[in-house]
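Structural overview for review
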Amino acid sequence: GNMVEWCLPQDIDLEGVEFKSMASGSHKIQSDFIYFRKGLCFGLACFANMPVESELERGARMKSVGILSPSYTLLYRYMHFLENQVRHQLEMPGHYSHLEAFYDDKKGVLPDNKGTPTSQQPVHWLPSIHRYMYPEMKITHPAGCMSQFIKFFGEQILVLWKFALLRKRILIFSPPPVGVVCYRVYCCCCLANVSLPGLGGTVPESKPFFYVNVADIEMLETEVSYVACTTEKIFEEKRDLYDVYVDNQNVKTHHEHLQPLLKINNADKEKYRRLNDQRQMLMYSQEVGEDCSSCEEDLFILFFMEQNNRIFQTLMEVSASQDKTLTADHARGMGLDPQGDRSFLMDLLEVYGIDVMLVIDNPCCT
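Residues numbered from 1 in each chain as written. Predicted model: local features only at pLDDT ≥ 70, side-chain atom pairs only at ≥ 80, totals over all residues. Heavy atoms only, no water.

Before going further, it helps to examine the packing of helix α5 (residues 156–165) against helix α9 (residues 296–320). Packed helices, taken two at a time, are described by their axes: the angle between them and the distance between them. Interaxial distance between α5 and α9 falls to 13 Å at its minimum, and their mutual angle equals 50°. Classified by the angle their axes make, α5 and α9 are oblique. By crossing handedness, the relation of α5 to α9 is classed as right-handed. Residue-level contacts link Ile157, Leu158, Trp161 and Leu165 of α5 to Phe304, Gln307, Asn308, Ile311 and Phe312 of α9. (Axes fitted to C-alpha atoms, helices over the stretch in contact; angles between N-to-C directions. Helix = DSSP H or I, 4+ residues; strand = E, 2+ residues; numbered from the N terminus. Parallel < 35°, antiparallel > 145°, perpendicular 65-115°, else oblique. Left-handed = near helix turned anticlockwise from the far one by under 90°. Contact = heavy atoms within 4.5 Å.)

This is the structure in structure tokens:
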């Protein structure tokens with residue numbers, strides 16, 4: 001099996017990290033990268049596979065070189081270094097001086113796991129859209145990641161958006177390579193971003209777990225909300241671990257009450273058309289040289305953040321009104337389909353604990 005060959009600091013708890021940093025099935029590919037979560041930290045590892053003439057190594061030498069950090073938003077900066085180092089480790093096993101120097105240069109103070117839960121800093125996984133506050137957090141992955149996400153899922157991103165906003169447990173399956181699938185986890189989490197103050201204090205945090213495997217089953221059993229990906233098909237049979245299972249472009253759920261959310265309605269189609277129109281406008285403005293500062297990631301995150309803000313702003317206004325009645329006009333004003341999104345709205349009110357009465361009638365047959 002996999003084993004940890006070397007690490008710094010030497011007293012850090014790395015139990016299970018040898019399986020998180022090398023996806024199941026990686027022996028079939030030449031190289032990959034992988035994001036994962038270990039306790040309160042996030043990891044990025046680069047994997048490479050090199051044929052060797054050695055019976056002891058069964059004709060192939062495979063290694064991953066990775067780093068752990070309290071936040072994943074800056075890990076991408078070290079991707080190139082990790083790619084070089086894993087190649088170096090394959091060609092010259094046992095030479096760790098570059099890694100030691102890197103650690104000495106970058107090491108910081110990690111949160112103390114022995115402290116009480118209240119003393120621990122929360123894990124802030126989603127970079128703020130306010131560039132003036134966090135300029136270095138703007139790019140967390142290669143350019144074009146959001147574009148690939150939209151092209152890959154098409155209108156299905158509106159289905160994923162609803163499940164993400166409802167804080168469901170979303171598991172994405174794909175065979176290796178898993179790097180691009182880790183980016184789908186990130187994009188999925190971006191769908192549920194809300195910037196209204198005072199909302200969702202009691203709502204579970206939607207956590208990106210990135211890559212998970214069978215060693216993570218015990219941990220996943222205790223989670224009420226997450227987005228993760230796996231290369232292990234056996235997860236599909238473990239229905240108690242997830243609410244939504246994504247196999248390539250196929251989004252499905254075994255929960256009967258969530259089935260209506262799988263249907264694309266007219267309001268979803270309209271949102272998808274608007275998103276594509278905005279992307280076309282952005283591309284055009286970049287082509288004619290008017291706007292080089294905006295990027296597709298910003299557009300994508302802002303599009304869904306504004307959509308989410310509009311929904312919750314309306315819901316909070318209605319809940320503060322005298323009659324607390326949510327009508328079909330309210331639903332249309334939020335960009336939702338009064339009929340097609342009825343069950344989504346009811347789930348939303350329950351998950352976020354918003355005191356509103358839904359009076360959207362079912363369509364009659366006349």
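What you see with strand β8 (residues 250–253) is a clean split: Val251 and Thr253 sit on the buried side and Asn250 and Lys252 on the side with no burial. Two successive antiparallel strands, strand β7 (residues 244–247) and β8, enclose a turn made up of two residues, where Asn248 displays a positive phi of approximately 55°. (Buried < 20%, exposed > 50% of the residue type's maximum accessible area, 1.4 Å probe, protein only. Pairing = 2+ DSSP bridges.)

Glancing now at the confidence of the model for the chain. Across the chain, pLDDT averages 85, with 84% of residues at or above 70. In this model, residues 114–140 is a region of pLDDT below 50 whose contacts with residues beyond four sequence positions or in other chains number 52 contacts. (pLDDT = per-residue confidence, 0-100.)

Let's shift gears to the pattern of salt bridges. Counting across every chain of the model gives 14 salt bridges. The shortest N-O distance in the salt bridge between Arg273 and Asp277 comes to 2.6 Å. Of this pair, Arg273 and Asp277 are both found in helix α8 (residues 266–287), four residues apart, which corresponds to roughly one turn of the helix. For Arg273, a relative accessible area of 41% translates into the label partly exposed. Accessibility expressed as a relative area gives 38% for Asp277, which makes it partly exposed. Where salt bridges share partners, they join Lys233, Glu236, Asp247 and Lys252 into one cluster. (Salt bridge = Lys/Arg side-chain N within 4 Å of Asp/Glu carboxyl O.)

Contact geometry of helix α4 (residues 145–153) with α5 gives a least axis separation of 7 Å together with a crossing angle of 105°. When the axis of α4 is compared with that of α5, the two are roughly perpendicular. Residues Phe149, Ile150 and Phe153 of α4 form the contact with α5, whose participating residues are Gln156, Ile157 and Leu160. Residues belonging to the contact of α4 with α5 are distributed by class as follows: five nonpolar, one polar and no charged. (Nonpolar A, V, L, I, M, F, W, Y, C, P; charged D, E, K, R; others polar.)

Enumeration according to the criterion identifies 22 aromatic pairs in this entry. Geometrically, the ring pair formed by Phe149 and Phe153 is edge-to-face, given 5.2 Å between the ring centres and 65° between the ring planes. Taken as a pair, Phe149 and Phe153 lie in helix α4 at a separation of four residues, close to a single helical turn. Each member of the pair Phe149 and Phe153 is classed as buried. Pairwise contacts between aromatic rings join Phe149, Phe152, Phe153, Trp161, Phe300, Phe303, Phe304 and Phe344 into one cluster. Lying across the ring of Phe209, Arg37 places its NZ or CZ 5.0 Å from the centre. Across from the ring centre of Phe152, 3.8 Å away, lies the NZ or CZ of Arg184, which sits over that ring. (Phe/Tyr/Trp six-rings, centres within 6.5 Å; stacked < 30°, edge-to-face > 60°. Lys NZ or Arg CZ within 6 Å of the ring centre and 35° of its normal.)

Among the structural elements, His88 can be located in helix α2 (residues 79–91). When residues no more than four places from it in sequence are discounted, the contact partners of His88 are Pro93, His95 and His98.

A word on the environment of Met316. Along the polypeptide, Met316 turns up in helix α9. We classify Met316 as partly exposed; its relative accessible area is 28%. Note: C-alpha distance between Met316 and Leu199 (117 residues apart in sequence) is 9.1 Å. Not counting chain neighbours up to four residues away, the residues in contact with Met316 comprise Leu196 and Leu199.

Further remarks concern the environment of Asp268. Tracing the backbone shows Asp268 in helix α8. Placed 67 residues apart in sequence, Asp268 and Gly335 show a C-alpha to C-alpha distance of 8.4 Å. Each residue touching Asp268, except ones within four places of it in the same chain, is listed here: Leu158, Lys162 and Lys263.

Right, let's talk about the pairing of strand β6 (residues 226–230) for a bit. Counting buried positions along β6 yields five of five residues, so the element is predominantly enclosed. Burial along β6 is two-sided: Tyr226, Ala228 and Thr230 facing one way and Val227 and Cys229 facing the other are all buried. Bridging between strand β5 (residues 207–211) and β6 involves four bridges; their strand directions are parallel. Directly across from Tyr211, in β6, lies its bridge partner Cys229.

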